[in-house]
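Residues per chain, in single letters:
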Amino acid sequence: MQYRKMGRTGLQVSALGFGCMRLPTKATREEVDEAEATRLLHYAIEHGVNYFDSGYNYHGGNSERILGRALQGGLRHRVFVATKLWGPAAHEYADFDKLLSEQLARLQTDHLDFYLLHGLRKERWEALRELGILEWLPRAKADGRIRFSGFSFRDSLATFQEIVDAFDWDMCQIQYNYMNETLQAGTAGLRYAAARGMGVVVMEPLLGGRL
């Protein structure tokens, strides 16, 4: 496995990460085949993958639960866990603590290595700012519940640049592949973030398996 430095964090992260949005399922999206998912997660760790990305609403919340169970028995300290704050579930400032506590319990850990604001578009970004997310993130970092902050993104380059400039982010996650070099943040956004010392994680490198 090859490794890359994650921006200013200095962490050495595997070039290939493991996204937990599309775990193997049974009858429904929420019903994950846990035995097979765990086998895949353990195989990835054994072969050097150390970055695992989940989200509050993936598989109806079961993605975080299964990842948490799979990392028991001494594996948690070998990997970096990233998950995301689901903005539509936050209606007031206190919800930020409530949601994070729920996610830590699901993942059976006392901290997250990376905590991202999920799928930011302009409207969601503005709503989270209004609720005080930029005041809350430094507090959650200071008390050790999260190590590094970031956001995933689904809007225009101009909005991306606005968000990057609004806070001292550690990293971001963007859709990027050889068909999407100008979509959303695109190449220009990747360079914009990297020039400011941010780590950049790519989602949809194969367009959800379509490439």
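Residues numbered from 1 in each chain as written. Predicted model: local features only at pLDDT ≥ 70, side-chain atom pairs only at ≥ 80, totals over all residues. Heavy atoms only, no water.

## A short note on the pattern of salt bridges
Step number 1: Enumeration over the complete set of coordinates arrives at 17 salt bridges.
Step number 2: Between E34 and R69 there is a salt bridge, with the nearest N and O atoms lying 2.8 Å from each other. Here E34, found in helix 1 (residues 34-46), pairs with R69, found in helix 2 (residues 62-70); they are 35 residues apart in sequence, far enough to count as distant.
Step number 3: Assessed through its relative accessible area of 28%, E34 is described here as partly exposed.
Step number 4: In this structure, R139 engages D97 in a salt bridge whose closest nitrogen and oxygen atoms are separated by 2.7 Å. With R139 in helix 5 (residues 133-142) and D97 in helix 3 (residues 94-107), this residue pair connects regions lying 42 residues apart in the sequence.
Step number 5: Residue R139 is classed as partly exposed on the basis of its relative accessible area, which comes to 35%.
Step number 6: The network of salt bridges with shared partners includes D97, R139, D143 and R145. (Salt bridge = Lys/Arg side-chain N within 4 Å of Asp/Glu carboxyl O. Helix = DSSP H or I, 4+ residues; strand = E, 2+ residues; numbered from the N terminus. Buried < 20%, exposed > 50% of the residue type's maximum accessible area, 1.4 Å probe, protein only.)

## Notes on the sheet that holds strand 5 (residues 80-85)
Step number 1: The strand order across the open sheet formed by seven strands is 3-4-5-6-7-8-9, and the pairing between neighbours is parallel. Every other strand in the sheet has two partners, leaving strand 3 (18-19) and strand 9 (199-203) as the edge strands with one partner each.
Step number 2: In this structure, strand 6 (residues 112-120) lies alongside strand 7 (residues 146-153), joined through six bridges in parallel fashion. Paired with F114 across the bridge in strand 7 is F148. (Pairing = 2+ DSSP bridges.)

## Quick look at the packing of helix 6 (residues 157-166) against helix 7 (residues 186-195)
For any two helices packed against each other, one specifies the crossing angle of their axes together with the interaxial distance.
Step number 1: Where helix 6 meets helix 7, the axes come as close as 10 Å, and the angle between the chain directions of the two elements is 10°. Between helix 6 and helix 7, the interaxial angle falls into the category roughly parallel. Of helix 7, the residues touching helix 6 (which contributes L157, F160, Q161, V164 and D165) are A188, G189, Y192 and A193. (Axes fitted to C-alpha atoms, helices over the stretch in contact; angles between N-to-C directions. Parallel < 35°, antiparallel > 145°, perpendicular 65-115°, else oblique. Contact = heavy atoms within 4.5 Å.)

## Focus on the pairing of strand 6
Step number 1: Across the nine residues of strand 6, nine count as buried, placing the element largely inside the fold.
Step number 2: Here strand 5 pairs with strand 6 via four bridges, running parallel. Bridge pairing in strand 6 places L85 opposite L117.
Step number 3: With respect to chirality, the unit in which strand 5 leads through helix 3 into the neighbouring parallel strand 6 is right-handed. (Right-handed = clockwise from strand over helix to strand, strands pointing away.)

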